[in-house]
Amino acid sequence: MTDNATNGNDETLAFLQAEYTSLRGEIVKRLELGQRLIEIALVSAAAILTINLAGAEFARVLLAYPVLVMFLAFAGLHSALQVRILATYIKTEIEPRFRWRHDGEDTAVGYEAWLVAHAPREEQRLGIFSSIFMFTGTQVLVFSLGVVEAVTGTQV
């Protein structure tokens, strides 16, 4: 891309606007995917814990669950990393091309540029940690129940 957008090149402006819209749509879809993966992990944990199998079969199911959820967590991590890459691209390559004059200053417009100046970092960490703890919490719970089942031979 060139800096022709700042010089008024209408075709470049139209392209950047279309790209911005498309990338924001992709971010929304990836965030929805991350939420669905968390939902799948929780629903599958509930389903496994309600299965009434006897003995070794139940313990094997409980011990296999964390491995399966690990792959869901990797898919969620990949999706979250792609969201960060897309947001960085929007912030550094698209939004600076659209300027706004306010109080004598020439500033970039757009949500990603606004986030840099206004969003609290604690909020971002909270969102990341909640997803991590959701995946690891269900894995630890189901795995510990599987270990108890395998060692004692009784369902908890």
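Details of the overall build of the protein
Here comes step 1: Per the secondary structure count, the protein includes four helices and two strands.
Here comes step 2: Secondary structure elements of the protein occur, N-terminal to C-terminal, as α-α-β-β-α-α.
Here comes step 3: Of all 156 residues assigned to the protein, the portion counted as buried reaches 24%.
Here comes step 4: Intrachain contacts of the protein at a sequence separation of at least 6 include 68% that bridge at least 24 residues.
Here comes step 5: Entry remark: accessible area of the protein is about 10,200 Å², with carbon and sulfur atoms responsible for 65%.

Quick word on the side chain of S79
Here comes step 1: Following the sequence through the fold, S79 ends up in helix α2 (residues 56-94).
Here comes step 2: Overall, the relative accessible area of 1% leaves S79 in the buried class.
Here comes step 3: S79 has contacts with R30 and L33, leaving out every residue within four places of it along the chain.

Observations regarding a nonpolar patch on the surface
Here comes step 1: Together, V67, M70, F71, F74, L77 and L81 make up an exposed nonpolar region whose accessible area comes to about 570 Å².
Here comes step 2: Of note, F74 is situated in helix α2.
Here comes step 3: With a relative accessible area of 47%, F74 lands in the partly exposed category.

Observations concerning the nonpolar core
Here comes step 1: Counting residues in each nonpolar core, the largest one holds 12 residues, listed as L37, I38, A41, A45, I48, F58, L62, Y65, V69, L72, F135 and V142.
Here comes step 2: If you list the elements that add at least two residues to this core, you get α1 (10-50), α2 and α4 (121-152).
Here comes step 3: When sequence neighbours within four positions are dropped, the list of residues in contact with L72 reads L37, I40, A41 and F135.
Here comes step 4: Grouped together as the second largest cluster of nonpolar side chains are nine residues, L23, I27, V83 and I90 included.

Side note on the environment of L86
Here comes step 1: Within the element layout of this structure, L86 appears in helix α2.
Here comes step 2: Among the residues examined, L86 registers a relative accessible area of 11% and is labelled buried.
Here comes step 3: In the structure, L86 is positioned 66 residues away from Y20 in sequence and 9.9 Å away in space, judged by C-alpha atoms.
Here comes step 4: In contact with L86, not counting residues within four places along its chain, are L23, E26, I27 and R30.

A look at the environment of L33
Here comes step 1: As for its position among the elements, L33 is in helix α1.
Here comes step 2: L33 sits 46 residues away from S79 along the chain, and the two C-alpha atoms are 7.5 Å apart.

Quick look at α1
Here comes step 1: For α1, with 41 residues, the first-to-last C-alpha span of 60 Å sits near the 60 Å given by 1.5 Å per residue.
Here comes step 2: Along α1, the residues that are buried comprise T12, L16, E19, L23, I27, G34, L37, I38, A41, A45 and I48.

Examining the pattern of salt bridges
Here comes step 1: Using the criterion set out here, one finds four salt bridges in the structure.
Here comes step 2: Residues E26 and R30 are paired through a salt bridge, measuring 3.3 Å at the closest nitrogen-oxygen approach. Here E26 and its partner R30 are both found in helix α1, four residues apart, which amounts to about one turn of the helix.
Here comes step 3: When its relative accessible area of 30% is taken as the criterion, E26 is described as partly exposed.
Here comes step 4: Note that E32 and K29 form a salt bridge whose closest N and O atoms lie 4.0 Å from each other. Of this pair, E32 and K29 both sit in helix α1, three residues apart, which is roughly one turn of that helix.
Here comes step 5: Residue class for K29 comes out exposed when judged on its relative accessible area of 57%.

Rules behind the numbers
- Residue positions are given per chain, counted from 1 along the sequence in the order it is written.
- This being a predicted model, a pLDDT of at least 70 is required before a residue's local features are given, and a value of 80 or more before pairs of side-chain atoms are given or counted; all residues contribute to the totals for chains, interfaces and linings.
- Calculation of side-chain values draws on the structure's entire complement of heavy atoms; hydrogens and water are dropped beforehand.
- The helix count covers DSSP runs of H or I at least four residues long, the strand count covers runs of E at least two residues long, and both are numbered beginning at the N terminus.
- Burial classification: accessible surface area is computed with a 1.4 Å probe over protein chains only, and a residue below 20% of its type maximum counts as buried, one above 50% as exposed, and the rest as partly exposed.
- Contacts were defined at the residue level, with two residues in contact if any of their heavy atoms lie within 4.5 Å.
- Note that accessible areas follow from Shrake-Rupley with a 1.4 Å probe, and for residues the cover is restricted to the protein chains shown.
- Every patch collects residues that have over 30% relative accessible area and no salt bridge, joining them within 9 Å if they carry like charges and within 5 Å if they are nonpolar side chains (Val, Leu, Ile, Met, Phe, Trp, Tyr).
- Salt bridge criterion: a side-chain nitrogen from Lys or Arg within 4 Å of a carboxyl oxygen from Asp or Glu.
- What we call a nonpolar core is a set of buried Ala, Val, Leu, Ile, Met, Phe, Trp, Tyr and Cys residues that are connected through their side-chain atoms within 4.5 Å.
- Here, expected helix span is obtained from the residue count minus one, scaled by 1.5 Å.

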